[in-house]
Amino acid sequence: MKEITILSGKGGTGKTSFTAALSAVAQNAVLCDNDVDAADLHLLLHPKINSEQVFESGCTASINPDKCINCGLCYSKCRFGAVVQKDVGGYEINPFLCEGCKLCQRICPQQAISTEIKTNNSWFVSSTRFGTMVHAVMGPGEENSGRLVSKIRTRAKEIAKEIEADFIINDGPPGIGCTAISSLSGTNLVVLVTEPTKSGLSDAGRLIELIRSFKIPVLGIINKYDLNDKISDEIEAFFEQNHIPLLAKIRFDKVWVEALVQGQTLVEYAPDSDIASLMKNIWNKIIEN
Amino acid sequence: MSYKIAIASGKGGTGKTSVAVNLYHFFVQRVTNNIQLLDCDVEEPNDVLFFKTKELVSEQVINQKIPKIDEQVCVFCRKCSDWCEYNAITIIPPVKFVQVNDVLCHSCGACVESCKEGALIEVEHPIGKVTNFDIGAGKGLLEGKLRIGSAMQTMLIKELKKCQDTEVDIVIYDAPPGTSCSVVESVIDADFVVLVTEPTPFGLNDLKLTVNLMLELGKAFGILINKSGLGSDDTLKYINNNQFELLGEIPFARDFAKYYAEGKLGDQLPKELALHFEKVVENINQKMFVHEGNHHS
């Protein structure tokens, strides 16, 4: 079983549309949406949810004003700036800044602080027309999205083993922070989808450095390459210098957006298009790799 | 007090950076030179690519504090390990084994507080850099850049904001994509948030997530539709039905995409495109007047 992760560094290069189109041409794959912050793959795959699970993402503190004597100890010790002074005097916790370390609760001389487990995040195992899909929904402003990514990837692997799937296809998050790191560790192959903009090139460079530290092989895609031929050439040269095989260059076409508006993958919406046959080609090259 | 404007979007690639740098440019031209730009997209900071003039003024390494356990002093009571909510400390008393995992550590300081023996000290561990650039106009660009391999993007944004110039009239925060804690950190002190979206189903789905976050945070916000004409009018309907403020619609054109690709800014843009940004600047400028009025009354 081989785990393939689609990443980009920069957001908006076309990762999710690409992943969905790849799912349509792949055989015997489990699909997993690692972009838990802003998950979109479900808009094209229309999963039917079979099971739902709550993900406990840590806890949030709160101060009981009846017990609090306004000593300010929690305020001075909280390193996240989550204890804030109220306009009317006294202190309260800003739940959006609280990282659930429980230090305030432990040191409060009045036992005025308690913490509650957050249950704003859920994850799902679903069926789609291309196979089983594991995905998640995060509450607004939540933490520990990296841990949620690890959770759903672990479940996707278990399912892949159970049903003897040959592949897992992960739709990755943008960036190089905690969710990208959690998407990378232990994956077998990264497909890097970039675009010919200065930002696209710069972000791909930082991502490649991160991928290198995990010693994972990378294949490159230049999406919308004809929006700027000059920068596209620069990216091609950059891939070559870094010994990253160029899997394909995909031209810009509004058909991607039209397919998306219809809730279909490109391969379904325009099955006879050159891009659909290119997607089949790309999949064949990925499995040969 | 500075008026703080954050540029955010759930979905990546909707044009946050391009909006942030252009608003900076047109604010300098139209409103004030006393303005600073903060690139809070510390995982992939790109604002600097848009400025022709960029001179490095100063650079500062940002560290997080990671505990170090002195095995000579440690009595292996495991209290620090119990207090660590992130499972970053492993202690095995029978074999006198201690280990701190710096990737899991959030630098909350609980372990240090817990230790009665004084066996824990904190050492500095780099998570990234804050760089101050002179960009030829205004008070310049302050960029946070995460060290590759670090997962401490939210802490770096917090530290980046501590470096900002408090004397400026306006600060623009270019936020990272998504809706998680790093976005919260970027917008938490903003007076107004510009949500940049694109009128595709992905753009709309992520816009709704971001709007929910803004409502929970109690933030004033307006929506700017970028790449208008590419997709459907569902986004516009959503904005109208909910009576959110529409700041403008920037049409999609291959030419415009090309300007972005090459990192073109402000004066280099065609007049029709520049007008869209000028309109947003004018709109926010009005809000600033009202805000200031409220502050002085």
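On a predicted model such as this, the values are computed, not experimentally measured, just so you know.

Trainee: For this particular structure, what's the right way to read the domain arrangement of chain A?
Mentor: One frequent convention defines the size of an interface as the accessible area lost when the parts assemble. Each assigned domain of chain A is listed here: domain 1 (2-56 + 121-288) and domain 2 (59-117). Using C-alpha coordinates to define each centre, domain 1 of chain A is positioned 40 Å away from domain 2 of chain A.

Trainee: Just checking my understanding: could you explain the pattern of salt bridges for this structure?
Mentor: Any two side chains of opposite charge can pair, so long as their charged atoms come close to each other. Overall, the coordinates contain 29 salt bridges over all chains when judged by the stated rule. Between Arg153 of chain A and Glu3 of chain A there is a salt bridge; the shortest N-O distance is 2.9 Å. With Arg153 of chain A in helix 5 (residues 145-162) and Glu3 of chain A in strand 1 (residues 2-7), this pair connects stretches of sequence that are 150 residues apart. Across the pair, exposure class does not vary: Arg153 of chain A and Glu3 of chain A are buried alike. Of the charged contacts, one joins Asp226 of chain A and Arg254 of chain B as a salt bridge, the two residues approaching to 3.5 Å between their closest N and O atoms. Here the residue Asp226 of chain A occupies a position in the loop between strand 12 (218-223) and helix 8 (229-241), and Arg254 of chain B occupies one in helix 8 (residues 254-261), the pair thus bridging two chains. One salt-bridge network, in which partners are shared between bridges, spans Glu3, Arg153 and Lys157 of chain A.

Trainee: How should I be thinking about the sheet that holds strand 12 of chain A in this particular structure?
Mentor: Through backbone hydrogen bonds, the strands of a sheet pair up, either in parallel or in antiparallel fashion. All names here are of chain A. Spatially, the nine strands line up as an open sheet ordered 3-8-9-2-10-1-11-12-13, and their pairing is mixed. Of all the strands in the sheet, the pair left with one neighbour each is strand 3 (48-55) and strand 13 (246-250). The mean angle between the axes of side-by-side strands here comes to 15°, regardless of whether they run parallel or antiparallel. Across two bridges, strand 2 (residues 29-33) lies against strand 9 (residues 131-137) in parallel orientation. In the strand pairing of strand 9, Cys32 is matched with Val134. The strands touched by helix 5 are strand 1, strand 2, strand 3, strand 8 (121-128), strand 9 and strand 10 (167-171); relative to strand 9, the strand with the most contacts, the crossing angle is about 165°.

Parameters at a glance
- Residue numbering note: each chain is counted from 1, following its sequence as written.
- Chain letters start at A and ligand numbers start at 1, both assigned in the order the entries are written.
- Only residues with pLDDT of at least 70 get local features here, since the model is predicted, and only at 80 or more are side-chain atom pairs given and counted; chain-wide, interface and lining totals rely on the full set of residues.
- Excluding hydrogens and water, the side-chain figures rest on all heavy atoms present in the structure.
- As used throughout, domain bounds are those supplied by an automatic or database domain assignment.
- The term salt bridge refers to a side-chain nitrogen of Lys or Arg lying within 4 Å of a carboxyl oxygen of Asp or Glu.
- Strands here mean DSSP runs of E at least two residues long; helices mean DSSP runs of H or I at least four residues long; both are numbered from the N terminus.
- Exposed residues in this analysis have more than 50% of their type's maximum accessible area, buried residues have under 20%, and partly exposed residues fall in between, with area computed by a 1.4 Å probe over protein chains only.
- Strand pairing is assigned whenever DSSP identifies at least 2 bridges connecting the two strands.
- Fitted lines through C-alpha atoms serve as axes, helices being fitted only where they are in contact, and the angles separating the N-to-C directions of these axes extend from 0 to 180 degrees.
- Here a residue-residue contact requires only that any non-hydrogen atoms of the pair lie within 4.5 Å.

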